[in-house]
Amino acid sequence: MAGLAIAFGSGAMTNSIAEIEHNDVLLIIGSNTTEAHPVIGQKMKQAARRGAKLIVVDPRRIELVEHAYLWLPIRPGTNVALINGLMYVIITEGLVDKKFIEERTEGFENLWAVVQNYPPERVAGITGVPAEKIYAAARLYATTERAGIFYTLGITEHTSGTSNVMNLANLAMITGHVGKEFSGVNPLRGQNNVQGACDMGALPDVFPGYQKVANPEVRERFAAAWNCQLDATPGLRIPEMIDLAAGGYIRAMYIMGEDPALTDPDITHVRKALANLDFLVMQDLFISETAKFADVILPGASFLEKDGTFTSTERRVQRVRRALSPRGECRPDWQIICDLAARLGYPMHYDSPEQIFAEMASLTPSYAGMSYARLEGNGLQWPCPTPEHPGTKFLHAGRFPRGKGLLQGIEYQPPAELTDEEYPILLTTGRMLYHYGITTRHSPSLESYRPEELAEINPAQAAELGVRTGDRVTVVSRRGRLVTKVKVTDRVPPGIMFMTYHYKESPVNILTNAAFDPIAKTAEYKVTAVRLEPAS
Amino acid sequence: MQDLKEWRETLQQQSHRGDRPSLTVGMSTCGQAAGGAKVMAALEEEIARRGLQVDISQTSCIGMCYAEPIVEVALPGKPRVFYGDVTPERVPTLVEKHVLQGEPVREWALIQLSGEATPYEGIPVMPGSTYYGRQVRVVTSRLGLTNPESLEEYIATGGYEALEKVLGQMTPEQVIEEIKISGLRGRGGAGFPTGLKWSFTRQAPGDKKYVVCNADEGDPGAFMDRSVLEGDPFSVIEGMTIAAYAIGADEGYIYCRAEYPLAIKRLKMAIAAAGEKGLLGRDILGTGFNFDLHIKAGAGAFVCGEETALLASIEGRQGMPRVRPPFPAQQGLWGKPTNINNVETYANVPFIIKNGGQWFASMGTEKSKGTKVFCLTGKIKKTGLIEVPMGITLREIIFDIAGGIQDDKQFKAVQIGGPSGGCLPEDKLDLPVDYESLTAAGAIMGSGGMVVMDENTCMVDVARFFLNFTQAESCGKCTPCREGTKRMLEILTRICEGEGRMEDLDTLETLARVVKNTALCGLGQTCPNPILSTLQYFRHEYEAHIKDKRCPAHVCQALLVYTIDAGKCTGCGACARACPAGAISGEKKQPHRIDPALCIKCGSCMEKCKFGAISRL
Amino acid sequence: MADVTLTIDGKRITVPAGTTVLQAARDNGIFIPTLCHDPKLTPWGGCRLCVVEIEGMRGLPASCVTTVAEGMVVQTASPQVVEARKMMLELLLANHPRDCLTCSKSGACSLQDYAYYYGVRGDKFHGEKHDYPLEDDNPFIVRDMNKCILCGKCIRVCAEVQVNNVIDFAHRGFNTRVTPAMDLTLRESEECVFCGNCVQVCPVGALAEKASLWQGREWELTKVRTTCTFCGVGCNLEVSVKDDHVVRVRGYDNPLVNSGWLCVKGRFGADFAESPDRITRPLIRVGERGEGRFREATWDEALDYTARRLQEIKEQYGSRAIAALSSARCTNEENYLMQKFMRAVIGTNNVDHCART
């Protein structure tokens, strides 16, 4: 997100899901879409079936590769170099959109100063992608009118995450593939309401609608509306919270519906931090790994048991409607927060989520035109500033929020952790189709179908270890070890293995590296050096 | 192109039959099945034993399948004599008398082709014979007379003159115009005007176009296409090449069923030979015209003869028809405009181009021009392949050409058009054979299968037989065909087994009509024809099965009753000993009796009885 | 595109060229039954239930694959058409189990509805019926091929929507069957991703959600439209509920998002909400931190205790010693309140959530 915010001035999917079927080229990079976003994956495959060309950049032979026109099997952690290579071809072959660069961007010279050092022949050495594929992909993307970029965590979950995103923005801008229908830079957001949580200001530096807490005018407006004093200093990000909890500065935490003790990197460190708190209150559906450290657990309601709204990856705000009554004594999370606030001397009076939404919309310009009444039907995409505004299908037509788009040359930096003799295999992590976070482990049907991890390893590794599909192995990183069953498959190339993060029985984040992107504070989940041992 | 002309002249001058006697054996599928290979071996052995200087070669089916193996003996300057039913035992005599002594063995000779030579006495002369007199051989003109594997013989007999003319003097539009003038209609069954079809494909937008030859001949008892492919593969290839030029295609497929290995082998040889001589492939005859031809072997599903199913099969998908429009002329193979004709249609093309559309149109009737190849099978004397002008009557075909019914039994019906055709009774024998007349009578032209039935044929059983076939071959896509054929077959089976009820006939008739009106493809729309036509012309047979529990033709086993005539029975006991079911009892020297409850109607007793005392009712 | 005027059942109708006769009729309120037709899938023309009579055309063309032409005269309910449709239904029923009494599809079954509409009892033919074993070796979908009417919608949805091509027709004629390659089950095929979109388009009871069997009849269900919780796509759901229990989940047709299609999680994963693992009362820790031992408490006790501890820590260490993780799983309203709570009530900007993308 941070990368797009720097380049464009706003970080969100620029285009809409419904546009995918009209795309002629889809550059899919670091996204196993058919498993992580299956219904968008469907649309990509439908586009391919209709004749659109898919360029898939992924170290693994994911399902989309079967539908791809070009597959660029990239070494994890080398995206910046690859994108520089693509831009090298586009610039040297004169395939840039000169008019767009001139009118809509700044910094092209700066970009070229870096990119000129990345001819495909050199990039091939860094990324493992053959030079001719880099040429072909660059030409195809640059010369197709309706060409869109789609990415997810394979791009952002790196120490170079922000650089990766900024470089994709560079690529889109020099070819003029942004600010219009059917082209753009599209982060497919992983969680159902991660877009909404950001929009709502569940971030340490912004109020709802990305209004800076450091801005006195903004602060004044919120202080007036909320009738309180407001802190001018931006707060802490998750890794900082964890570190400061471990260091004894953070004394109490209130965690609603997250499980950092399973899903954050290097969970040994996370668990140490949680154990060090004076007080931890959890609000959740299940006793998660994190909840085991809690002093109080407050039972929340599932999405089926409450009303509200989610904002999807394409900025579409849609209604969530209550279908079941809350189980047992469970209560919708908004009611719990209200009750707690009242006990802390700040009564919050809301009869319904609709009232909360109305208050939020009155303070959030991009949501200002929305109301529950307007969300009936098929939802609205922000920005939607006035009650008459139809919502926004694609972003950045005519101008970027920051004015001109920022082109910035970015040098390739190797990932924080590299393989060596002791840890010769590169572990990369991600989602799989049948599970989502941890809740699906409690779904009887999904859980019975995929009850345990099946770490993907290449037949070469399997032969070395003497294991077959279904056998157990021990995976060891510089931070920890675990035992998991394996699936022997050529979906992963030799030297690379893949695990998901869904299983507490084989918690992959015991292995991962808590090295963070300096700007977005996203961890390098995608690159961990490990070795395999026979399970003892 | 000049080269081709010169080559042809050279070939024609050094007539392929030289100064030595030649022996030619019919080695098409029918010839081989009848023992042609053994005869060939015997001939080779005999010639070698005697140390004679004689050429031995093979040819294709001349049409007289009933007389295979056929051997042609030709002496220099003498008529070519065709012997039928040749066995290895007859070979020494044949060689001794005809080859060495120059005297044909008249009692074995079928026919002679005299050309400029003086005919032998006492052997029917082709084409003046009764068998050939009514025939007009166009697409079958080389069959049995030339070596189908020889491009030289094809060219020497006028082959590739048409392509030469087309590429040298005609525009694609002129070619299509010539085909339109000829009045040629699709020989695969539906009879769509070929020229019109070509013009649709030509006019369809698109750079890439295909021509496809439908050689998925699937009707039981039909072998027209096989005979032409085995006997004159070059004519089909030349016809397709001309079609490709006319519609603007550069690639073609012959979809041939895998059950025709010899046809596929000869096609492959022919394609290779034509390619080698610049008659196929890149830059044909130096004109810049390209045409690549492939063979696709089909797995034998009857429905793949339906053009959209055929295209699906070539594309590697399941052979299921799809709805038209769009027609293949608009969206065919891989979505490209595609012209599909069958073997006989393409084989006609070189002759039409060579002799002119007017020549072709001068044959046949007003709406059905030219000739048609038929396969005669069933209870006729001369089964085989014939080619006749359109408009000839059924009576002429069955009685004049094919010699009438075997054992001079009573004619009952002729089934035309394969399993989707109809059964026509005696009073339709004077019907002219053309598309419209046949359809009006409840049959169809089909691809040219003609099955003749005699008095011993049960028409209900015939309908059941064909429904059994179409039911098994239904692709399963549309409800009426998939479920309807199943239920029609069940009703027919019930009737044949004596379990029928009169209301079954109404149900059957309604169901057959609905299936005909609603099925998706030609297979489904025509599969009720055997039922509808037999119900129309032979309803009394159905009623006899239902009301009287009797099969008038004594075919339906469940309805047969074997009885012993006490007056004729001598009480010898042979029948009782032969009966596997122990159903016959009686004292020695006393008339025996058959217990109908035990009788399994196998007929063994009747065969064993020397006194004709047992009869079947 | 130019308009075309035609007559259907005596009514003059003008529609855009290229429209099918079926569409033209339906757009004008004229009833034509279909089993294999779905406007979101390529036309198939297989069930032949939609046949109509068109002047000048041979036989009875299928209206779903016949495009309108200027001056066309169409009859959708002539005696010939009705006879054909009844016959088609008789044929389908002749090879269909008679277990409508307990069939999960009863009340939403197209075959049942049309048989009722045309008064077809399915007693015209008495012959062979299929007797295939039930396929229920996976936790999501039950396949009863005895009920399959071979409309092919599942095949098309798998090929055209999910683009997985797991199933197709196999065998011929009466023995035609929908199956993965080599007659394997969906599970054995290892190709099926259990998106269940085939179940959603099945017009009869051949495909059913396993977990919904015996849970509620069609007419007992309350349907609620909501948004899926399993990823950021925002697929619209139609949740069917009976007695405060989710009977099944299907895609709701929001043409801008999922057009009614779903994935395995969205369709089958909602059962997590009714898991016995759910915490249903507030809990207070009794064991060591991290041990995971708790006792149940009342809401008042839990909230009072929490408020007291937060207040104490705030007073002792300051607002900034408290931090909150909000949730990308919760609603906008809840996230808004959480950050408001931290900023306005606790007095710190220490609020973040796991926003990895």
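From a predicted model like this one, the values you see are computed outputs, not experimental measurements. (Residues numbered from 1 in each chain as written. Chains lettered and ligands numbered in written order. Predicted model: local features only at pLDDT ≥ 70, side-chain atom pairs only at ≥ 80, totals over all residues. Heavy atoms only, no water.)

Looking only at helices and strands, chain C has nine helices and 15 strands in total. For chain C, the C-alpha radius of gyration of 28 Å lies well beyond 21 Å, the compact-globule estimate for 357 residues. In terms of overall dimensions, chain C has C-alpha extents of about 90 × 50 × 35 Å along its principal axes. Intrachain contacts of chain C at a sequence separation of at least 6 include 56% that bridge at least 24 residues. By element, 49% of the accessible surface of chain C is carried by carbon and sulfur atoms, the whole surface being about 13,600 Å². If you average the places of the 43 positive and of the 45 negative side-chain charges in chain C, the two averages end up 2 Å apart. (Helix = DSSP H or I, 4+ residues; strand = E, 2+ residues; numbered from the N terminus. Rg over C-alpha atoms; globule rule 2.2 N^0.38 Å. Contact = heavy atoms within 4.5 Å. Areas by Shrake-Rupley, 256 points an atom, 1.4 Å probe, with all protein chains shown as cover. Lys, Arg positive; Asp, Glu negative; His and termini not counted. Charge placed at Lys NZ, Arg CZ, Asp CG, Glu CD.)

A few words now on the interface of chain C and chain B. With 34 residues of chain C at the interface, the matching set in chain B holds 32 residues. Summed over both partners, the interface of chain C with chain B buries about 2,700 Å², with 57% contributed by carbon and sulfur atoms. Three residues, Leu91, Arg172 and Phe174 of chain C, lead the burial of chain C against chain B; their summed loss comes to 22% of the area buried on that side. Put simply, chain C and chain B have three salt bridges between them. (Buried area = accessible area lost by both parts, 1.4 Å probe. Salt bridge = Lys/Arg side-chain N within 4 Å of Asp/Glu carboxyl O.)

The subject of this paragraph is the domain arrangement of chain A. All names here are of chain A. Each domain of chain A was delimited in the assignment, giving domain 1 (2-188), domain 2 (194-381) and domain 3 (425-534). Summarising the inter-unit geometry, the C-alpha centres of domain 1 and domain 3 are found 26 Å apart. Taken residue by residue, the interface counts 23 residues in domain 1 and 23 residues in domain 3. In this assembly, domain 1 packs against domain 3 so that about 1,800 Å² is buried in total across both faces, 58% of it on carbon and sulfur atoms. Broken down residue by residue, the surface that domain 1 buries against domain 3 is led by Arg60, Glu157 and Thr159, which jointly contribute 36%. At the boundary of domain 1 and domain 3, one finds three salt bridges. Notably, a salt bridge pairs Glu157 with Lys526, separated by 3.6 Å at the nearest N-O pair. (Domains from an automatic or database assignment.)

A word on the sheet that holds strand E11 (residues 245-251) of chain C. Whether parallel or antiparallel, the strands of a sheet pair through hydrogen bonds between backbone atoms. Residue and element names in this part refer to chain C. With antiparallel pairing, the three strands of this open sheet are ordered in space as E9-E10-E11. Strands with a single pairing partner mark the edges of an open sheet, and in this sheet they are strand E9 (222-227) and E11. Looking at each pair of strands side by side, their axes are set apart by 30° on average, direction ignored. Summarising the sheet, strand E10 (residues 236-242) and E11 pair through six bridges and their orientation is antiparallel. (Pairing = 2+ DSSP bridges. Axes fitted to C-alpha atoms, helices over the stretch in contact; angles between N-to-C directions.)

Attention now moves to the UniProt feature "domain: Molybdopterin oxidoreductase" (unreviewed entry) in chain A. As recorded in UniProt, the sites labelled "domain: Molybdopterin oxidoreductase" (unreviewed entry) are residues 12-342 of chain A. Taken as a whole, residues 12-342 of chain A contains 40% helix and 16% strand, while its terminal C-alpha atoms sit 35 Å from one another. (UniProt positions renumbered as here; feature names shortened; annotations may be inferred.)

This part takes up unusual backbone geometry. Each neighbour pair has its own omega, and for Glu68 of chain B with Pro69 of chain B the value is -5°, a cis peptide bond. Along the polypeptide, Pro69 of chain B turns up in the loop between strand E2 (55-59) and strand E3 (71-74). Following Pro325 of chain B, the chain continues to Pro326 of chain B via a peptide bond in cis, the omega torsion being 0°. With respect to the helices and strands, Pro326 of chain B occurs in the loop between helix H13 (307-314) and strand E10 (338-342). For Asp266 of chain A, which is not glycine, the phi torsion reads 50° and is therefore positive. Along the chain, the position of Asp266 of chain A falls in the loop between helix H14 (260-263) and helix H15 (267-275).

Time to look at the interface of chain C and chain A. With 115 residues of chain C in contact, the opposing surface of chain A contributes 156 residues. Interface area for chain C against chain A, summed over the two sides, is near 11,900 Å², with a carbon-plus-sulfur share of 60%. Arg285 of chain C is the partner of Asp295 of chain A in a salt bridge, and the nearest nitrogen-oxygen pair spans 2.7 Å. Where chain C packs against chain A, one counts 78 residue pairs in polar contact (both at pLDDT 80 or more). By residue class, the composition of the side of chain C that touches chain A is 59 nonpolar, 32 polar and 24 charged. Relative to strand E12 (residues 283-285) of chain C, strand E11 (residues 296-299) of chain A runs antiparallel, the two sharing two bridges. (Polar contact = N/O pair within 3.5 Å; in protein donor to acceptor, adjacent residues only side chain to side chain. Nonpolar A, V, L, I, M, F, W, Y, C, P; charged D, E, K, R; others polar.)

A few words on the environment of Pro415 of chain A. Looking at where Pro415 of chain A falls in the secondary structure, it is placed in the loop between strand E15 (405-406) and strand E16 (425-430). The contact partners of Pro415 of chain A, leaving out residues within four places of it in the chain, are Pro76, Gly77, Thr159, Glu524 and Val527 of chain A.

Below, the discussion takes up the packing of helix H10 (residues 224-231) of chain B against helix H11 (residues 233-247) of chain B. Residues and elements named next belong to chain B. At a minimum axis separation of 5 Å, H10 and H11 run at an interaxial angle of 95°. By the criterion of interaxial angle, the relationship of H10 to H11 is roughly perpendicular. Counting all contacts with H10, which are made through Val228, Leu229, Glu230 and Gly231, the residues of H11 involved are Pro233, Ser235 and Val236. Residue composition of the contact of H10 with H11, grouped by class: four nonpolar, two polar and one charged. (Parallel < 35°, antiparallel > 145°, perpendicular 65-115°, else oblique.)

This part covers the state of the cysteines. All told, the structure shown has zero disulfides over all chains when counted by the stated rule. With no disulfide partner, Cys575 of chain B has as its closest neighbouring cysteine sulfur the one in Cys569 of chain B, 5.9 Å distant. Take Cys575 of chain B: its relative accessible area is 9%, and that puts it in the buried class. Cys109 of chain C supplies the cysteine sulfur nearest to Cys103 of chain C, a cysteine that is in no disulfide, at a spacing of 6.3 Å. In this structure Cys103 of chain C comes out as buried when scored by relative accessible area, which is 9%. (Disulfide = S-S within 2.5 Å. Buried < 20%, exposed > 50% of the residue type's maximum accessible area, 1.4 Å probe, protein only.)

With that out of the way, let us pick up the packing of helix H13 (residues 238-246) of chain A against H15 of chain A. All names here are of chain A. Two elements in contact, H13 and H15, have axes whose closest approach is 7 Å; the angle formed by their N-to-C orientations is 55°. Taken together, H13 and H15 sit at an angle that is classed as oblique. Helix-helix and strand crossings are classified by hand; for H13 and H15 the assignment is left-handed. Each of Ile242, Asp243, Ala245 and Ala246 in H13 lies in contact with H15, whose residues at this interface are His269, Val270 and Ala273. (Left-handed = near helix turned anticlockwise from the far one by under 90°.)

For the rest of this paragraph, the subject is the domain arrangement of chain C. For chain C, the assigned domains are domain 1 (3-77), domain 2 (143-274), domain 3 (279-313) and domain 4 (318-357). Taken over C-alpha atoms, the centre of domain 1 of chain C sits 58 Å from the centre of domain 4 of chain C.

Our next topic: the UniProt feature "domain: Molybdopterin dinucleotide-binding" (unreviewed entry) in chain A. According to UniProt, the "domain: Molybdopterin dinucleotide-binding" (unreviewed entry) feature falls on residues 426-529 of chain A. Helix makes up 12% of residues 426-529 of chain A and strand 35%. Its end C-alpha atoms lie 5 Å apart.

Moving on to H11 of chain B. Since the α-helix packs 3.6 residues into each turn, any two residues three or four apart lie on the same face. Residues and elements named next belong to chain B. The end-to-end C-alpha distance of H11 is 21 Å, a good match for the 21 Å that 15 residues give at a rise of 1.5 Å each. By the criterion of burial, H11 is predominantly enclosed, with 15 of the 15 residues buried. Note on H11: the residue one or two positions beyond its end, Gly248, has a positive phi of about 90°. (Expected span 1.5 Å × (residues − 1).)

In total, this model carries 96 salt bridges over all chains according to the counting rule given. When the shortest N-O distance is used, the salt bridge between Glu305 of chain A and Arg327 of chain A registers 3.9 Å. Of this pair, Glu305 of chain A sits in the loop between E11 and strand E12 (308-311) while Arg327 of chain A sits in the loop between strand E13 (316-320) and helix H16 (333-343), and the two are 22 residues apart along the sequence. For Glu305 of chain A, a relative accessible area of 0% gives the class buried. Taking relative accessible area as the criterion, Arg327 of chain A reaches 16% and is therefore assigned buried. With a closest N to O distance of 3.6 Å, Arg481 of chain A and Glu533 of chain A form a salt bridge. Of this pair, Arg481 of chain A sits in strand E19 (residues 481-488) while Glu533 of chain A sits in strand E23 (residues 528-534); the two residues are 52 residues apart in sequence, bridging distant segments of the chain. Shared partners join several salt bridges into a network, and the residues in it are Glu305 and Arg327 of chain A together with Asp244, Glu274 and Arg278 of chain C.

If you look at the biggest cluster of nonpolar residues, it comprises 130 residues, and the most contacted ones within it are Tyr434 of chain A, Met488, Ile531 and Tyr542 of chain B together with Phe140, Val178 and Phe194 of chain C. Per-element tally for this core: the top contributor is helix H2 (residues 79-94) of chain C, with nine residues. Counting residues in each nonpolar core, the second largest holds 69 residues, with Leu151, Phe223, Val236 and Ile284 of chain B among its members. (Core = buried A, V, L, I, M, F, W, Y, C linked by side-chain atoms within 4.5 Å.)

Below, the discussion takes up the UniProt feature "domain: 4Fe-4S His(Cys)3-ligated-type" (unreviewed entry) in chain C. UniProt feature "domain: 4Fe-4S His(Cys)3-ligated-type" (unreviewed entry): in the numbering of this structure it lies at residues 80-119 of chain C. Structurally, residues 80-119 of chain C is divided into 60% helix and 0% strand, and its ends, taken at the C-alpha atoms, are 16 Å apart.

We now examine the arrangement of the chains. Among the two pairs of chains that make contact, the interface with the largest number of contacts is formed by chains A and C. Between chain A and chain B there is no contact, and the shortest C-alpha to C-alpha separation is 13 Å.

A word on the pairing of strand E7 (residues 177-180) of chain C. Regular strands show a simple pattern: their side chains alternate between the two faces of the sheet. Residues and elements named next belong to chain C. Side-chain alternation along E7 places Arg177 and Thr179 on one buried face and Val178 and Pro180 on a second face that is also buried. In this sheet, E7 lies alongside strand E6 (residues 167-170) in antiparallel orientation, the contact comprising four bridges. From the neighbouring strand, Ile167 faces E7, where its bridge partner is Pro180. Once E6 ends, the chain turns through six residues before running back antiparallel as E7, passing His171 with a positive phi of about 65°.

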